Amino acid sequence: MHVNAEAERLGLRVEVVVAPQALAEATDVAVGILARPDPPSAMFCFNDSIAYGVYAATRELGLAVPGDVAVCGYDDHPMSALLTPPLTSVDWDIDGIVHDAVRLVVDSIEGKPRERRVVREPALRARQSTDVPSGARAARRADGGQEP
């Protein structure tokens, strides 16, 4: 898996966890992860819906975003900018993808030469959910895992 290889290259500890998109189920998964004795300092979610579950889990556990855990989503749903704090997310340009897909289909129907592959670059929408952690967990990590 590319995620694990890149994490190893960067010296990061990464765990890939499957989580449903439904809010209640995503929240349950996030609570299980964040309630561990050595929880992560950041969570990257493969869509914003799962990130909403992480936000709910932090509220349930009395944790702060980003003070205790940084959160990043993927798909930049319009609601993500309205959360408190606003969710950092990756915009994969769904409108551009749809446009390219329709163009490829129309070109194929019309017998025009077509591209075999179209690459679109995603864009990071950096917001306050990934600011530098300043909460108790950040202090504990800086102190070698001891309580502040």
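The text that follows walks through the structure, step by step, so that each part is easy to find. (Residues numbered from 1 in each chain as written. Predicted model: local features only at pLDDT ≥ 70, side-chain atom pairs only at ≥ 80, totals over all residues. Heavy atoms only, no water.)

**Considering the nonpolar core**
In terms of nonpolar packing, the biggest core is built from 18 residues, with L34, M43, V54, V69, V71 and L87 touching the most fellow members. Breaking this core down by element, the ones donating at least two residues are α2 (23–34) and α3 (48–61). Per-element accounting of this core gives the leading share, 6 residues, to α3. Dropping the residues within four chain positions of it, M43 is found in contact with I33, L34, V54, V69, A70, V71 and C72. (Core = buried A, V, L, I, M, F, W, Y, C linked by side-chain atoms within 4.5 Å. Buried < 20%, exposed > 50% of the residue type's maximum accessible area, 1.4 Å probe, protein only. Helix = DSSP H or I, 4+ residues; strand = E, 2+ residues; numbered from the N terminus. Contact = heavy atoms within 4.5 Å.)

**Regarding the pattern of salt bridges**
Oppositely charged side chains are able to pair whenever their charged atoms sit close together. Under the counting rule described, the total for this entry stands at 11 salt bridges. For R125, the salt bridge identified is with D76, shortest N-O distance 3.8 Å. In this pair, R125 is assigned in strand β4 (residues 123–125) and D76 in the loop between β2 (70–74) and β3 (88–91), connecting sequence segments 49 residues apart. Look at D76 and you get buried, because its relative accessible area is 17%. With its nearest N and O atoms 2.7 Å apart, the salt bridge here joins R120 to D100. Of the two residues, R120 is situated in the loop between α4 (94–109) and β4 and D100 in helix α4; the sequence distance between them amounts to 20 residues. Sharing partners across several salt bridges, the network here consists of D93, D100, R103, D107 and R120. (Salt bridge = Lys/Arg side-chain N within 4 Å of Asp/Glu carboxyl O.)

**Points about the layout of surface pockets**
Roughly 1000 Å³ of volume is contained in the largest pocket. Along the walls of the largest pocket sit 35 residues, with V14, E15, A42, M43 and F44 positioned nearest its centre. Considering only residue class, the lining of the largest pocket consists of 26 nonpolar, 3 polar and 6 charged. (1 Å grid on protein atoms, 1.4 Å probe; cavity = no way out; pocket = protein on both sides within 12 Å on 5 of 7 lines; lining within 4 Å. Points joined across faces, edges and corners; volume = space filled by probe spheres on them. Nonpolar A, V, L, I, M, F, W, Y, C, P; charged D, E, K, R; others polar.)

**Topic: the packing of aromatic side chains**
Centre-to-centre distance and the angle between the planes together describe a pair of aromatic rings. What the rule picks out here adds up to 2 aromatic pairs. Seen in terms of ring centroids, F44 and F46 are 5.5 Å apart; in terms of plane orientation they differ by 85 degrees. Their pairing is edge-to-face. When its relative accessible area of 44% is taken as the criterion, F44 is described as partly exposed. With centroids separated by 6.2 Å and ring planes inclined at 75 degrees, the aromatic side chains of F44 and Y74 adopt a geometry described as edge-to-face. Of this pair, F44 sits in strand β1 (residues 42–44) while Y74 sits in strand β2; the two residues are 30 residues apart in sequence, bridging distant segments of the chain. Given a relative accessible area of 25%, Y74 falls into the partly exposed group. The structure contains a cluster of three or more aromatic residues connected by ring pairs, namely F44, F46 and Y74. (Phe/Tyr/Trp six-rings, centres within 6.5 Å; stacked < 30°, edge-to-face > 60°.)

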